[in-house]
Amino acid sequence: METLKIAIQKSGRLSEKSLTLLERCGIRLTNGDRKLIAVSSNFPIEVIYLRDDDIPQCIADNTVDIGIVGEDVILEQSFNFKIALKLGFAKCRLSLAIPKNLPYSGLAFFQGRKIATSYPNILKSWLAQQNIQAQIVPCKGSVEITPSIGMADAIFDIVSSGSTLISNGLREVETVCRSQAILVQSENLSNDKVEILDDLVFRISSILRAENNKYVVLNAPNNKIESIIKLIPGIKSPTVVPLSDPDWSAIHSVISDDDFWSVVQSLRDSGAQGILVIPVDKMII
Ligand code: ATP
Ligand code: MG
C-alpha cells in the first residue's frame, strides 16, 4: 500500500495542535517531532515538516498529498484546493485596524491611505471590491507597530482576542474574512491515497465531534423522565436505567457544547439531580 504524505507546520501556531490531532487519531510517529520527516509505525502516513507558507505550493506540485494550514495562507496565495476538513483550531479573523484616537466613519477612511499588511493579495482584492484606492505597504512581521512609527496609516492583520491591537493603540474597524486551520488535499491522489485520506478524515471527524460534546449522567425521579429525555435526545436516544431507589432512574446522554449551559439549566428546572458531565474522547455516529 502507498503512503500518504502530509505536510504540517514545522514550528508555529499550528504545529502542536496538528501533531496532537494525529496522535489522538492513534497515529504513532517514529522519529521524534522536530525532524524534517517522520514516518508512522501503525498508519500509512509520512509527516513532512515545513514552513506554513511553503505548504500550498508543495501540495500544488504533488510533493505532498495533503497538508494542515491556515485558510488565510491559502487565500493569500490564491490556491483553490479541495478542503478535506475544517479543523476548528487557530481561529482568527483578518481585519483592518486604525489608530484608536482617529475618528472612523466608514470605508472612505482608507481612501488614499497607507495600509501595512503581510496579506497584500487578500487586501488588494478586497480594496478593489470595495472600490477603494489605497497604498498597500507589504510587511513581513510586526505589522501592528507600523502606524506608530509612521510607516502606515492603518494595518490589515490577523486578530484573535484583539489584545495585540489594544496594546498597540489600535482599534479594529472592519473584518474582511475569517480563518481556521484546514486539512487540504491535492487534486491528483491515487485511489489508495484517497482511501488513506478517508480513514484519516473519519478519525479526525470523530475527534472534532467529541470535542464539541459532553457525556452527561443524571438522576431523575421517574415521573420526570419523559420531560427530561426531551431535553437531551442524545445520538439515538438517552439510556434510562433504574437506581436502587425504585422511584428514581439515571439518564445518560450527550449534550452539545453550543447550548450546554442552557440545557443544564433546563435539566435542573425539570428536576434532574446529581448531574455528572464527562468529556468524550471520540464520537462515532
Ligand atoms: P512559519 O514560520 O511556519 O511561516 P508563521 O509565523 O507564518 O509560521 P504562525 O504565526 O505560526 O505563522 O501562524 C500560523 C497560522 O496560525 C496563521 O496562518 C493563522 O491561520 C493562524 N494564526 C496566526 N495568528 C493567530 C492568532 N493570533 N490566533 C489564532 N490563529 C492565528
Ligand atoms: Mg508563515
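Residues numbered from 1 in each chain as written. Chains lettered and ligands numbered in written order. Predicted model: local features only at pLDDT ≥ 70, side-chain atom pairs only at ≥ 80, totals over all residues. Heavy atoms only, no water.

1. Brief notes about the nonpolar core
Turning to step 1, where the next piece is worked out: One finds Ile6, Ile68, Leu87, Leu183, Leu197, Leu200 and Ile204 to be the most contacted residues of the largest nonpolar core, which totals 30 residues.
Turning to step 2, where the next piece is worked out: Put simply, the parts of the chain that give this core at least two residues each are strand S1 (4-9), helix H1 (15-24), strand S3 (45-50), strand S4 (66-70), strand S5 (82-86), strand S11 (181-185) and helix H6 (191-211).
Turning to step 3, where the next piece is worked out: Setting aside its immediate chain neighbours within four residues, Ile68 contacts Ile6, Ala7, Ile8, Leu14, Ser18, Ile55, Leu87, Phe89, Ala181, Ile182 and Leu183. (Core = buried A, V, L, I, M, F, W, Y, C linked by side-chain atoms within 4.5 Å. Buried < 20%, exposed > 50% of the residue type's maximum accessible area, 1.4 Å probe, protein only. Helix = DSSP H or I, 4+ residues; strand = E, 2+ residues; numbered from the N terminus. Contact = heavy atoms within 4.5 Å.)

2. Focus: helix H4 (residues 120-130)
Turning to step 1, where the next piece is worked out: Listed as buried for H4 are Ile122, Leu123, Trp126 and Leu127. Here the buried residues of H4 occupy an arc of 125° about the axis, which is enough to place them on one side. More than 90 degrees from the buried face of H4, the exposed residues found are Lys124, Ala128 and Gln129.
Turning to step 2, where the next piece is worked out: If you follow the buried residues of H4, they end up packed against helix H3 (71-76), strand S6 (92-99), strand S7 (114-117), strand S8 (135-138), strand S9 (154-159) and strand S10 (170-179).
Turning to step 3, where the next piece is worked out: Asn131 sits one or two positions beyond H4 and adopts a positive phi of about 65°. (Arc of directions from axis to C-beta.)

3. A short note on the sheet that holds S3
Turning to step 1, where the next piece is worked out: Pairing is mixed across the open sheet formed by 6 strands, whose spatial order is S2-S3-S1-S4-S11-S5. The open sheet has two free edges, formed respectively by strand S2 (37-39) and S5, since each of these has just one partner strand. Averaged over all pairs of adjacent strands, the angle between strand axes in this sheet comes to 25°, irrespective of strand direction.
Turning to step 2, where the next piece is worked out: Sheet analysis places S1 next to S4, joined by 2 bridges and oriented parallel. Note that in S4 the partner of Ala7 across the bridge is Gly67.
Turning to step 3, where the next piece is worked out: The strands that H6 touches are S1, S3, S4, S5 and S11; relative to S5, the one it contacts most, it runs at about 30°. (Pairing = 2+ DSSP bridges. Axes fitted to C-alpha atoms, helices over the stretch in contact; angles between N-to-C directions.)

4. So, the domain arrangement of the protein
When the parts of a complex come together, some accessible area is lost, and that lost area is often taken as the interface size.
Turning to step 1, where the next piece is worked out: Splitting the protein by domain gives domain 1 (4-89 + 180-210), domain 2 (92-179) and domain 3 (213-279).
Turning to step 2, where the next piece is worked out: Domain 1 and domain 3 are separated by 38 Å when their C-alpha centres are compared. (Domains from an automatic or database assignment.)

5. Concerning the sheet that holds strand S14 (residues 248-256)
Turning to step 1, where the next piece is worked out: With respect to topology, 4 strands assemble into an open sheet ordered S13-S14-S12-S15, the strand pairing being antiparallel. Two strands lie at the open edges of the sheet, namely strand S13 (239-242) and strand S15 (273-279), each paired on one side alone. In this sheet, adjacent strand axes meet at a mean angle of 20° when their direction is disregarded.
Turning to step 2, where the next piece is worked out: Sheet topology places strand S12 (residues 213-221) next to S14; 9 bridges connect them, and they run antiparallel. Looking across to S14, one finds that Ala220 is bridged to Ser249.
Turning to step 3, where the next piece is worked out: In this fold helix H8 (residues 260-269) packs onto S12, S14 and S15, with an angle of close to 165° to the strand it touches most, S14.

6. Notes on the pattern of salt bridges
Turning to step 1, where the next piece is worked out: If you walk through the whole model with that rule in mind, you get 9 salt bridges.
Turning to step 2, where the next piece is worked out: Between Arg51 and Asp53 there is a salt bridge, and its shortest N-O distance comes to 3.4 Å.
Turning to step 3, where the next piece is worked out: Across the pair Asp257 and Lys214 runs a salt bridge, and its minimum N-O distance is 3.3 Å. Of this pair, Asp257 sits in the loop between S14 and H8 while Lys214 sits in strand S12, and the two are 43 residues apart along the sequence.
Turning to step 4, where the next piece is worked out: Overall, the relative accessible area of 29% leaves Asp257 in the partly exposed class.
Turning to step 5, where the next piece is worked out: Taken together, the shared-partner salt bridges connect Arg24, Glu211, Asp281 and Lys282 into one network. (Salt bridge = Lys/Arg side-chain N within 4 Å of Asp/Glu carboxyl O.)

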